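An overview of the molecular structure
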Amino acid sequence: MTSVALVIGGIVSLQFGSSVAVLLFPRAGALGVVALRLAVAALVLLVACRPKVRGYTRGDWATVLAFGVALAGMNGLFYQAIDRIPLGAAVTLEFLGPLILSVATSRRLLSLVWAALAFGGVALLGREGFDGLNPVGAVCALAAGGLWAAYILLSARTGQRFPQADGLALAMTVAAVLSLPLGVVSAGTALLNPVTLVLAAGVALMSSVLPYTLELLALRKLPASGFAVMMSLEPAAAATAGFLVLDQALGWLEILAIGLVVIASVGAVRSAATKGS
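Presented here is a report on the structure given in the accompanying data block. Each chain carries its own residue numbering, running from 1 in the direction its sequence is written. pLDDT decides what is reported in this predicted model: residues at 70 or higher carry local features, side-chain atom pairs at 80 or more are listed and counted, and totals for whole chains, interfaces and linings draw on all residues regardless. Hydrogens and water molecules were not included; the side-chain quantities draw on all heavy atoms of the structure.

Our next topic: the overall build of the chain. Scanning the chain from terminus to terminus reveals 11 helices and 0 strands. Think of it in three bands: with a 1.4 Å probe and only protein chains considered, a residue is buried below 20% of the maximum accessible area for its type, exposed above 50%, and partly exposed in between. Here the chain holds 277 residues, and 53% of them are scored as buried. Residue burial considers only the protein chains on display, and all accessible areas are found by Shrake-Rupley using a 1.4 Å probe. As displayed, the chain has an accessible area near 12,200 Å², and 69% of this comes from carbon and sulfur atoms. Under the scheme used here, helices are H or I runs from DSSP no shorter than 4 residues and strands are E runs no shorter than 2 residues, and both carry numbers assigned from the N terminus.

Quick look at the structure:
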(Lines give C-alpha, C1' and ligand atoms only; values in the text may rest on other atoms or scores of the structure.)
Protein backbone atom coordinates (compact mmCIF):
# COMPACT_ATOMS: atom_id res chain seq x y z
CA MET A 1 0.00 0.00 0.00
CA THR A 2 3.03 2.31 0.34
CA SER A 3 3.42 2.33 -3.44
CA VAL A 4 -0.24 3.23 -3.83
CA ALA A 5 0.12 6.18 -1.46
CA LEU A 6 3.17 7.37 -3.38
CA VAL A 7 1.28 7.31 -6.68
CA ILE A 8 -1.76 9.13 -5.27
CA GLY A 9 0.43 11.78 -3.68
CA GLY A 10 2.19 12.32 -6.98
CA ILE A 11 -1.09 12.62 -8.87
CA VAL A 12 -2.51 15.27 -6.55
CA SER A 13 0.71 17.27 -6.54
CA LEU A 14 1.05 17.12 -10.33
CA GLN A 15 -2.45 18.29 -11.17
CA PHE A 16 -2.53 21.15 -8.70
CA GLY A 17 0.89 22.18 -9.99
CA SER A 18 -0.53 22.14 -13.54
CA SER A 19 -3.40 24.39 -12.52
CA VAL A 20 -0.94 26.90 -11.04
CA ALA A 21 1.11 26.69 -14.24
CA VAL A 22 -1.92 27.81 -16.26
CA LEU A 23 -2.01 30.99 -14.18
CA LEU A 24 1.62 31.60 -15.16
CA PHE A 25 1.04 31.42 -18.92
CA PRO A 26 0.25 35.16 -19.30
CA ARG A 27 3.64 35.94 -17.76
CA ALA A 28 5.95 33.62 -19.71
CA GLY A 29 3.88 31.56 -22.14
CA ALA A 30 3.53 27.78 -22.21
CA LEU A 31 7.04 27.11 -23.54
CA GLY A 32 8.59 29.52 -21.08
CA VAL A 33 6.80 28.00 -18.09
CA VAL A 34 7.69 24.42 -19.00
CA ALA A 35 11.34 25.43 -19.55
CA LEU A 36 11.52 27.07 -16.13
CA ARG A 37 9.73 24.16 -14.51
CA LEU A 38 12.12 21.56 -15.91
CA ALA A 39 15.22 23.70 -15.27
CA VAL A 40 14.34 24.32 -11.63
CA ALA A 41 13.37 20.68 -11.14
CA ALA A 42 16.69 19.54 -12.63
CA LEU A 43 18.67 21.85 -10.34
CA VAL A 44 16.79 20.70 -7.25
CA LEU A 45 17.24 17.03 -8.11
CA LEU A 46 20.93 17.41 -8.97
CA VAL A 47 21.64 19.14 -5.66
CA ALA A 48 19.52 16.69 -3.65
CA CYS A 49 20.74 13.48 -5.33
CA ARG A 50 24.27 14.37 -6.45
CA PRO A 51 24.12 11.51 -8.95
CA LYS A 52 27.30 9.70 -9.91
CA VAL A 53 28.17 9.67 -13.60
CA ARG A 54 30.67 6.82 -13.60
CA GLY A 55 30.17 3.10 -13.54
CA TYR A 56 27.15 2.93 -15.86
CA THR A 57 26.82 1.02 -19.11
CA ARG A 58 25.92 2.39 -22.52
CA GLY A 59 22.46 0.87 -22.04
CA ASP A 60 22.03 2.78 -18.78
CA TRP A 61 22.82 6.08 -20.47
CA ALA A 62 20.56 5.27 -23.41
CA THR A 63 17.72 4.71 -20.95
CA VAL A 64 18.36 8.03 -19.21
CA LEU A 65 18.54 9.92 -22.51
CA ALA A 66 15.30 8.35 -23.74
CA PHE A 67 13.67 9.14 -20.40
CA GLY A 68 14.79 12.76 -20.68
CA VAL A 69 13.44 13.09 -24.22
CA ALA A 70 10.12 11.62 -23.09
CA LEU A 71 9.96 14.05 -20.16
CA ALA A 72 10.68 17.06 -22.37
CA GLY A 73 8.20 16.04 -25.05
CA MET A 74 5.44 15.02 -22.64
CA ASN A 75 5.62 18.24 -20.64
CA GLY A 76 6.03 20.51 -23.65
CA LEU A 77 3.08 19.03 -25.51
CA PHE A 78 0.88 18.93 -22.42
CA TYR A 79 1.51 22.60 -21.66
CA GLN A 80 0.67 23.44 -25.27
CA ALA A 81 -2.58 21.53 -24.75
CA ILE A 82 -3.65 23.22 -21.51
CA ASP A 83 -2.82 26.59 -23.07
CA ARG A 84 -5.61 25.88 -25.58
CA ILE A 85 -8.16 23.59 -23.91
CA PRO A 86 -9.46 23.10 -20.33
CA LEU A 87 -7.24 21.19 -17.90
CA GLY A 88 -9.74 18.39 -17.29
CA ALA A 89 -10.28 17.76 -21.00
CA ALA A 90 -6.54 17.82 -21.71
CA VAL A 91 -5.73 15.26 -19.01
CA THR A 92 -8.66 13.11 -20.12
CA LEU A 93 -7.31 12.93 -23.67
CA GLU A 94 -3.76 12.47 -22.42
CA PHE A 95 -4.80 9.56 -20.24
CA LEU A 96 -5.58 7.46 -23.31
CA GLY A 97 -1.83 6.75 -23.54
CA PRO A 98 -1.50 5.04 -20.14
CA LEU A 99 -4.86 3.35 -20.67
CA ILE A 100 -3.71 1.72 -23.91
CA LEU A 101 -0.47 0.73 -22.18
CA SER A 102 -2.46 -0.92 -19.40
CA VAL A 103 -4.42 -3.04 -21.87
CA ALA A 104 -1.30 -3.91 -23.88
CA THR A 105 0.83 -5.01 -20.90
CA SER A 106 -1.79 -6.79 -18.80
CA ARG A 107 -2.15 -10.56 -19.08
CA ARG A 108 -5.15 -10.93 -16.81
CA LEU A 109 -8.77 -10.67 -17.88
CA LEU A 110 -9.69 -8.84 -14.68
CA SER A 111 -7.16 -6.11 -15.47
CA LEU A 112 -8.90 -5.57 -18.80
CA VAL A 113 -12.18 -5.12 -16.93
CA TRP A 114 -10.68 -2.42 -14.71
CA ALA A 115 -9.16 -0.74 -17.76
CA ALA A 116 -12.54 -0.77 -19.52
CA LEU A 117 -14.20 0.76 -16.46
CA ALA A 118 -11.52 3.44 -16.31
CA PHE A 119 -11.99 4.16 -20.02
CA GLY A 120 -15.74 4.55 -19.44
CA GLY A 121 -15.11 7.03 -16.64
CA VAL A 122 -12.60 8.98 -18.68
CA ALA A 123 -14.97 9.13 -21.65
CA LEU A 124 -17.79 10.25 -19.40
CA LEU A 125 -15.63 12.91 -17.77
CA GLY A 126 -14.77 14.42 -21.13
CA ARG A 127 -18.16 13.98 -22.79
CA GLU A 128 -19.42 17.51 -22.29
CA GLY A 129 -16.02 19.19 -22.28
CA PHE A 130 -14.92 17.88 -25.69
CA ASP A 131 -17.42 19.97 -27.67
CA GLY A 132 -15.68 22.69 -29.62
CA LEU A 133 -12.16 21.85 -28.43
CA ASN A 134 -9.25 23.57 -30.13
CA PRO A 135 -7.97 20.87 -32.55
CA VAL A 136 -4.29 21.76 -32.00
CA GLY A 137 -4.76 21.50 -28.25
CA ALA A 138 -6.51 18.15 -28.58
CA VAL A 139 -3.75 16.74 -30.82
CA CYS A 140 -1.08 17.97 -28.40
CA ALA A 141 -2.88 16.25 -25.51
CA LEU A 142 -3.11 12.96 -27.43
CA ALA A 143 0.58 13.15 -28.41
CA ALA A 144 1.47 13.87 -24.77
CA GLY A 145 -0.48 10.74 -23.85
CA GLY A 146 1.72 8.62 -26.09
CA LEU A 147 4.82 10.03 -24.43
CA TRP A 148 3.17 9.52 -21.03
CA ALA A 149 3.00 5.78 -21.79
CA ALA A 150 6.68 5.88 -22.76
CA TYR A 151 7.43 7.77 -19.54
CA ILE A 152 5.84 5.00 -17.45
CA LEU A 153 8.01 2.32 -19.06
CA LEU A 154 11.21 4.38 -19.03
CA SER A 155 10.69 5.50 -15.44
CA ALA A 156 10.46 1.88 -14.35
CA ARG A 157 13.62 0.96 -16.29
CA THR A 158 15.49 3.98 -14.94
CA GLY A 159 14.53 3.10 -11.38
CA GLN A 160 15.93 -0.39 -11.89
CA ARG A 161 19.23 0.80 -13.39
CA PHE A 162 20.01 3.77 -11.11
CA PRO A 163 19.93 4.02 -7.29
CA GLN A 164 17.45 6.27 -5.47
CA ALA A 165 16.36 9.11 -7.77
CA ASP A 166 19.75 9.50 -9.50
CA GLY A 167 18.40 8.44 -12.87
CA LEU A 168 15.51 10.87 -12.59
CA ALA A 169 17.90 13.72 -11.79
CA LEU A 170 19.98 12.94 -14.88
CA ALA A 171 16.93 12.52 -17.11
CA MET A 172 15.43 15.78 -15.83
CA THR A 173 18.69 17.51 -16.74
CA VAL A 174 18.38 16.17 -20.28
CA ALA A 175 14.78 17.40 -20.44
CA ALA A 176 15.78 20.85 -19.18
CA VAL A 177 18.58 21.18 -21.74
CA LEU A 178 16.15 20.29 -24.52
CA SER A 179 13.43 22.66 -23.30
CA LEU A 180 15.42 25.75 -22.33
CA PRO A 181 16.25 26.97 -25.86
CA LEU A 182 12.57 26.92 -26.84
CA GLY A 183 11.62 28.71 -23.62
CA VAL A 184 14.22 31.42 -24.12
CA VAL A 185 13.18 32.03 -27.73
CA SER A 186 9.51 32.13 -26.73
CA ALA A 187 9.60 34.20 -23.53
CA GLY A 188 12.96 35.99 -23.58
CA THR A 189 13.69 38.19 -20.57
CA ALA A 190 10.28 37.41 -19.07
CA LEU A 191 11.88 34.26 -17.69
CA LEU A 192 14.07 36.40 -15.42
CA ASN A 193 11.19 38.19 -13.69
CA PRO A 194 11.56 37.47 -9.93
CA VAL A 195 7.85 36.78 -9.37
CA THR A 196 7.75 34.47 -12.37
CA LEU A 197 10.83 32.62 -11.13
CA VAL A 198 9.38 32.09 -7.66
CA LEU A 199 6.05 30.85 -9.00
CA ALA A 200 7.80 28.63 -11.54
CA ALA A 201 9.90 27.14 -8.75
CA GLY A 202 6.69 26.23 -6.93
CA VAL A 203 5.30 24.66 -10.09
CA ALA A 204 8.53 22.71 -10.56
CA LEU A 205 8.35 21.26 -7.06
CA MET A 206 4.65 20.39 -7.35
CA SER A 207 4.63 19.18 -10.97
CA SER A 208 8.07 17.62 -11.44
CA VAL A 209 10.26 17.00 -8.39
CA LEU A 210 7.65 15.55 -6.03
CA PRO A 211 5.39 13.55 -8.39
CA TYR A 212 8.15 12.10 -10.58
CA THR A 213 10.21 11.07 -7.56
CA LEU A 214 7.20 9.42 -5.91
CA GLU A 215 6.23 7.63 -9.12
CA LEU A 216 9.77 6.39 -9.76
CA LEU A 217 9.91 4.92 -6.26
CA ALA A 218 6.44 3.39 -6.66
CA LEU A 219 7.28 1.76 -10.00
CA ARG A 220 10.02 -0.26 -8.33
CA LYS A 221 7.33 -2.41 -6.69
CA LEU A 222 4.08 -1.68 -8.55
CA PRO A 223 3.53 -3.49 -11.90
CA ALA A 224 3.43 -1.21 -14.94
CA SER A 225 -0.10 -2.37 -15.82
CA GLY A 226 -1.45 -1.57 -12.35
CA PHE A 227 0.37 1.77 -12.30
CA ALA A 228 -1.05 2.69 -15.71
CA VAL A 229 -4.63 2.06 -14.60
CA MET A 230 -4.01 4.02 -11.39
CA MET A 231 -3.23 6.93 -13.66
CA SER A 232 -6.98 6.99 -14.32
CA LEU A 233 -7.10 9.14 -11.20
CA GLU A 234 -5.34 11.90 -13.15
CA PRO A 235 -8.47 13.22 -14.95
CA ALA A 236 -10.37 13.25 -11.65
CA ALA A 237 -7.56 15.11 -9.91
CA ALA A 238 -7.32 17.52 -12.86
CA ALA A 239 -11.04 18.22 -12.74
CA THR A 240 -10.83 18.89 -9.00
CA ALA A 241 -7.80 21.16 -9.39
CA GLY A 242 -9.52 22.98 -12.24
CA PHE A 243 -12.54 23.56 -10.03
CA LEU A 244 -10.61 24.76 -6.98
CA VAL A 245 -7.88 26.79 -8.68
CA LEU A 246 -9.21 27.73 -12.12
CA ASP A 247 -12.92 28.00 -11.22
CA GLN A 248 -14.01 25.24 -13.62
CA ALA A 249 -17.29 23.93 -12.23
CA LEU A 250 -18.03 20.20 -11.85
CA GLY A 251 -21.43 18.78 -12.82
CA TRP A 252 -23.07 15.52 -11.75
CA LEU A 253 -21.77 13.82 -14.89
CA GLU A 254 -18.19 14.70 -13.97
CA ILE A 255 -18.70 13.56 -10.38
CA LEU A 256 -20.04 10.20 -11.62
CA ALA A 257 -17.01 9.86 -13.89
CA ILE A 258 -14.67 10.54 -10.98
CA GLY A 259 -16.37 7.74 -9.04
CA LEU A 260 -15.84 5.31 -11.92
CA VAL A 261 -12.15 6.03 -12.29
CA VAL A 262 -11.58 5.78 -8.53
CA ILE A 263 -13.27 2.35 -8.47
CA ALA A 264 -11.19 1.24 -11.44
CA SER A 265 -7.98 2.39 -9.78
CA VAL A 266 -8.78 0.65 -6.50
CA GLY A 267 -9.68 -2.53 -8.37
CA ALA A 268 -6.45 -2.44 -10.37
CA VAL A 269 -4.35 -2.01 -7.25
CA ARG A 270 -6.12 -4.86 -5.44
CA SER A 271 -5.60 -7.10 -8.47
CA ALA A 272 -1.91 -6.20 -8.61
CA ALA A 273 -1.57 -6.91 -4.88
CA THR A 274 -3.28 -10.29 -5.26
CA LYS A 275 -0.98 -11.20 -8.15
CA GLY A 276 2.07 -10.16 -6.12
CA SER A 277 1.09 -12.29 -3.16
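This next bit is on helix H7 (residues 166–187). For H7, built from 22 residues, the straight-helix expectation of 32 Å at 1.5 Å per residue is met to within 8% by its first-to-last C-alpha distance of 30 Å. To get the bend at a residue, fit one axis to the 7 residues ending there and another to the 7 starting there, then take the angle between the axes. Considering bend angle alone, the principal kink of H7 is centred on serine 179 and spans about 35°; proline proline 181 follows within four residues of it. Of the residues flanking the end of H7, it is glycine 188, one or two places downstream, whose phi is positive at about 65°. One less than the residue count of a helix, multiplied by 1.5 Å, gives the span that helix is expected to have.

Considering the arrangement of structural elements, one finds serine 19 in helix H1 (residues 2–49). Other than its neighbours up to four places away in sequence, serine 19 contacts Leu87, Ala241, Val245 and Leu246. Should any heavy atoms of two residues lie within 4.5 Å, those residues are considered in contact.

A few words on the packing of aromatic side chains. Between 30 and 60 degrees the pair is tilted, below 30 it is stacked and above 60 it is edge-to-face, where a pair is any two Phe, Tyr or Trp rings, Trp via its six-membered ring, whose centres lie within 6.5 Å. Inspection of the entire model under this criterion finds 7 aromatic pairs. Pairwise contacts between aromatic rings join Phe25, Phe78 and Tyr79 into one cluster.

Further remarks concern the packing of helix H2 (residues 58–82) against H7. In this description, a line fitted to the C-alpha atoms serves as the axis of each element, helices being fitted only across the stretch in contact, and the angle between N-to-C directions of two axes falls anywhere from 0 to 180 degrees. Running from N to C, H2 and H7 point in directions that differ by 50°, and their axes come no closer than 7 Å. Accordingly, the angle class assigned to the pair H2 and H7 is oblique. The crossing of H2 and H7 is right-handed. On H7, the residues touching Trp61, Val64, Leu65, Phe67, Gly68, Val69, Leu71 and Ala72 of H2 are Gly167, Leu168, Leu170, Ala171, Met172, Val174, Ala175, Leu178 and Ser179. Note on residue categories: nonpolar means Ala, Val, Leu, Ile, Met, Phe, Trp, Tyr, Cys or Pro, charged means Asp, Glu, Lys or Arg, and polar means any other residue, Gly included. Tallied by class, residues from the contact of H2 with H7 come to 14 nonpolar, 3 polar and no charged. Orientation labels follow simple angle bins: below 35 degrees gives roughly parallel, above 145 gives roughly antiparallel, 65 to 115 gives roughly perpendicular, and whatever is left gives oblique. Left-handed describes a crossing whose near helix is turned anticlockwise from the far helix through less than a right angle; right-handed describes the clockwise counterpart.

Let us now look at the environment of leucine 246. Here leucine 246 is to be found in the loop between helix H10 (233–245) and helix H11 (252–276). Beyond its immediate stretch of four places on either side in the chain, leucine 246 contacts Ser19, Val22, Leu23, Leu87 and Ala241.

Counted as salt bridges are all cases of a side-chain nitrogen of Lys or Arg within 4 Å of a carboxyl oxygen of Asp or Glu. Applying the stated criterion across every chain, the model contains 1 salt bridge. In this structure, arginine 161 engages aspartate 60 in a salt bridge whose closest nitrogen and oxygen atoms are separated by 2.6 Å. With arginine 161 in helix H6 (residues 135–161) and aspartate 60 in helix H2, this pair connects stretches of sequence that are 101 residues apart.

The phi torsion at arginine 50 lies on the positive side, around 45°, for a residue other than glycine. Looking at the secondary structure, you find arginine 50 in the loop between H1 and H2.

Nine residue types can take part in a nonpolar core, namely buried Ala, Val, Leu, Ile, Met, Phe, Trp, Tyr and Cys, and a core is a set of them joined through side-chain atoms within 4.5 Å. Ranked by internal contacts, the top residues of the largest apolar core, which has 81 residues, are Leu71, Tyr79, Leu168 and Met172. Here the element with the most residues in this core is H1; it accounts for 15 residues. Apart from the residues within four sequence positions on either side, leucine 71 is in contact with Tyr151, Leu168, Ala171, Met172, Ala175 and Tyr212.

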